[in-house]
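Coordinate analysis (summary)
Letter by letter, the chains look like this.
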Amino acid sequence: MTPTITLIDTTRLKPNPNNPRKNIGDITALADSIRAHGIQQELVVTPIADSTDYRVVIGHRRLAASQQAGLAQVPCRIMELSPKDERELMVIENTQRHDLTPIEEADAYQGLLDLGSSIENMAEKTGRSTDFVRRRLKIAGIPRLTRALAKDFNQLSLSDLDVLAEFQGDETTQQELARQAGTNNWDWTVRKAREERRGTVWMNKALDYLHRAGLKTCQAPSNWWNDAPEGYQYSTCITNIQNTSFEKQWQKLIGNKPNIDAIIGLDETAHRTIVYERIPKTRSTTPTGRNKPKNNAEPTRANRRRRHGNCTMPAKPCEPNGSIKPRTHGRNP
């Protein structure tokens, strides 16, 4: 069907619910211009099925400004369009004009993808790279519930949206990031979220190795530097230092102590493991199995730092000394 241009009553023109641009902005200046000089470019519309009305494809701001200027009719080019072609035309028009926010553009690409467009086809039609389209589709996956938690989600920068998309699948963290987006706490929250994710990945790999190696484990006591399991003494603390795996650090340890008889205390919340070494039978111990400190003095905080390196933060409360039972990770005691 050849496109035709005709005057149509503004009351018969309906905004498109799939218009990528959700906010048409201030149209006062445009309305003044239309009032003085008329519309210089026609709108593009498509017939609404089973109706005498039309749905706007291109020209939402011009329609709103024309109504504000008091025009009863506006020139329109009528086109028969499939839902896919309709959305595609709107996306192309808006991206060429740089009218869309990053999330509006992302949702527009997602809408086309849902209608069967390929990433390659969308990139070609809009003049973007495939990497550009994939990046937008990734942020389009941010859930609506998460979006609603941000103070002004539609105005978030592309870099902020990339961070939110980075935590897709971690609903709790993603929602907390959304709450802090645009605030002074944003950078700190992002840094802590990434640290927590790295720690969790490290700890999961450590647990997997402990299971495969058949090493004995227990829950780390809250006062882990003093309250060793009965018959054991603190040896060292293994954490995610410079992104070095537990396995590498353990192999280095047993390289220096090939005959070590140890039990590994687990502090999953703090992402660390405590190595307790069995006390030789010939050494004098207290009734609870701990080494008796010289002069009965507790180690100072400074000494603890020197002695334990990065492991200075207390772990979560757990079983008191003497009630911890060694177990092999992943199996019943």
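The preceding data block contains the structure.
A brief structural summary. All values derive from a computational prediction rather than experimental measurement.

Here is what the cut-offs are and how they apply
Residues numbered from 1 in each chain as written. Predicted model: local features only at pLDDT ≥ 70, side-chain atom pairs only at ≥ 80, totals over all residues. Heavy atoms only, no water. Core = buried A, V, L, I, M, F, W, Y, C linked by side-chain atoms within 4.5 Å. Buried < 20%, exposed > 50% of the residue type's maximum accessible area, 1.4 Å probe, protein only. Helix = DSSP H or I, 4+ residues; strand = E, 2+ residues; numbered from the N terminus. Contact = heavy atoms within 4.5 Å. Salt bridge = Lys/Arg side-chain N within 4 Å of Asp/Glu carboxyl O. Pairing = 2+ DSSP bridges. Polar contact = N/O pair within 3.5 Å; in protein donor to acceptor, adjacent residues only side chain to side chain.

Overview of the nonpolar core
- Core analysis: the biggest nonpolar cluster contains 20 residues, and Ile139, Ile142, Phe153, Leu156, Leu161, Leu164 and Leu177 have the highest contact counts within it.
- Listing elements by their share of this core, those giving two or more residues are α4 (102-114), α6 (130-140), α8 (158-166), α9 (171-180) and α10 (186-213).
- The dominant element in this core, judged by the number of residues it contributes, is α8, at five residues.
- In contact with Leu161, not counting residues within four places along its chain, are Pro102, Ile103, Ile139, Ile142, Phe153 and Leu156.
- Residues Ile8, Leu13, Ile34 and Ile39 belong to the second largest nonpolar core, which totals 17 residues.

Looking at the pattern of salt bridges
- Taken as a whole and judged by the stated rule, the model has 20 salt bridges.
- Two residues, Arg55 and Glu86, come together in a salt bridge whose shortest N-O distance is 2.7 Å. Placement of the pair is Arg55 in strand β4 (residues 54-58) and Glu86 in helix α3 (residues 83-97), with a sequence separation of 31 residues.
- For Asp261, the salt bridge is made with Lys216, and the minimal N-O distance between the two is 3.3 Å. Separated by 45 residues along the polypeptide, Asp261 in the loop between α11 (246-256) and β8 (262-267) and Lys216 in strand β6 (residues 216-219) bring together distant segments of the chain.
- For Asp261, a relative accessible area of 30% gives the class partly exposed.
- Here the residues in one salt-bridge network are Glu105, Arg128 and Arg136, joined through shared partners.

Examining α8
- By the burial criterion, the buried members of α8 are Leu158, Asp160, Leu161, Val163, Leu164 and Ala165.
- Along its buried surface, α8 packs onto α4, α6, α9 and α10.

A few points about the pairing of strand β5 (residues 73-78)
- Residues of β5 alternate between two faces, with Val74, Cys76 and Ile78 buried on one and Gln73, Pro75 and Arg77 left unburied on the opposite face.
- Sheet analysis places strand β1 (residues 4-9) next to β5, joined by six bridges and oriented antiparallel. Counterpart to Leu7 in the pairing with β5 is Pro75.
- Relative to β5, strand β3 (residues 43-47) is paired through three bridges, and the arrangement is parallel. Residue pairing across strands places Val44 opposite Arg77, the latter belonging to β5.

Thoughts on the environment of Tyr276
- Considering the arrangement of structural elements, one finds Tyr276 in strand β9 (residues 272-278).
- On the basis of relative accessibility, which here comes to 0%, the residue Tyr276 falls in the buried class.
- Sequence spacing of Tyr276 and Gly265 is 11 residues, and the spatial spacing of their C-alpha atoms is 7.2 Å.
- Separated by 2.9 Å, the side chain of Tyr276 and the backbone oxygen of Trp224 make a polar contact.

On their own, these measurements won't tell you what the molecule is for.
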